[in-house]
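Geometric and topological summary
Listed below are the residues making up each chain.
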Amino acid sequence: MAKFKERYTGIKGAFRMLDEDSDGFITRAEFAKGLKDLHLDSSITGETVDAVARLIDYDQNDCFDWPEFTRFASAADILDMGVMPPAKKK
Ligand SMILES: [Ca+2]
Ligand SMILES: [Ca+2]
């Protein structure tokens, strides 16, 4: 359980970091900016960001909510995500 909690805390931390205005949703713009802040933008193209965003954004509404984000963060293999439903909202 400790390991799960550690991982969960890490995911929550990442979500908070990316959700700049703390409204509980990570918009595409916030996501792109977060990647830029991590200096990942030079190694991945805008196209890749879009592809990843589409994978995370299960309902395609251009922002990621917490269930969508945990689904992404807890996927063992990113290729599994196409068939993996997002976590239920509490
Ligand atoms: Ca936000
Ligand atoms: Ca969404």
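In this text, all values refer to a predicted model and were calculated from it rather than measured experimentally.

What counts and what doesn't
- Residues numbered from 1 in each chain as written.
- Chains lettered and ligands numbered in written order.
- Predicted model: local features only at pLDDT ≥ 70, side-chain atom pairs only at ≥ 80, totals over all residues.
- Helix = DSSP H or I, 4+ residues; strand = E, 2+ residues; numbered from the N terminus.
- Buried ≥ 20, exposed ≤ 12 C-beta atoms within 10 Å, placed from the backbone.
- Contact = placed C-beta atoms within 7 Å.
- Core = buried A, V, L, I, M, F, W, Y, C linked by C-beta atoms within 7 Å.
- pLDDT = per-residue confidence, 0-100.

What to know about the overall build of the protein
- Helix and strand counts for the protein stand at 4 helices and 2 strands.
- The buried share of the protein, taken over its 90 residues, is 12%.
- Across the protein, every contact between residues at least 6 apart in sequence was considered, and the portion connecting residues at least 24 apart equals 36%.

Quick notes on the nonpolar core
- Ranked by size, the top nonpolar core spans 8 residues in total: L18, I26, F31, A53, I56, F64, F69 and F72.
- Residue assignment for this core shows that the elements contributing at least two residues are α3 (46–56) and α4 (66–74).
- Ignoring anything within four residues of it in the chain, the contact list for I56 reads F64, E68, F69 and F72.

A closer look at the environment of T27
- Examined against the element boundaries, T27 turns out to sit in strand β1 (residues 26–27).
- T27 sits 35 residues away from D62 along the chain, and the two C-alpha atoms are 6.2 Å apart.
- Once residues within four sequence positions are removed from consideration, T27 is found in contact with D62 and C63.

Topic: unusual backbone geometry
- We note that S22 has phi near 55°; this positive angle belongs to a residue other than glycine.
- You can see S22 is positioned in the loop between α1 (2–18) and β1.
- A tally of 7 C-beta atoms within 10 Å means that S22 is categorised as exposed.
- One non-glycine residue with positive phi stands out, namely D62, at about 70°.
- Relative to the elements of secondary structure, D62 occurs in the loop between α3 and β2 (63–64).

Structural notes on the confidence of the model for the protein
- In this model, the protein carries a mean pLDDT of 82, and residues with pLDDT of at least 70 account for 77%.
- By mean pLDDT, the top-scoring element of the protein is β1 (96), and the lowest-scoring one is α1 (82).

Details of the environment of G10
- As for its position among the elements, G10 is in helix α1.
- Sequence-wise, G10 and A73 are 63 residues apart; in three dimensions their C-alpha atoms are separated by 9.5 Å.

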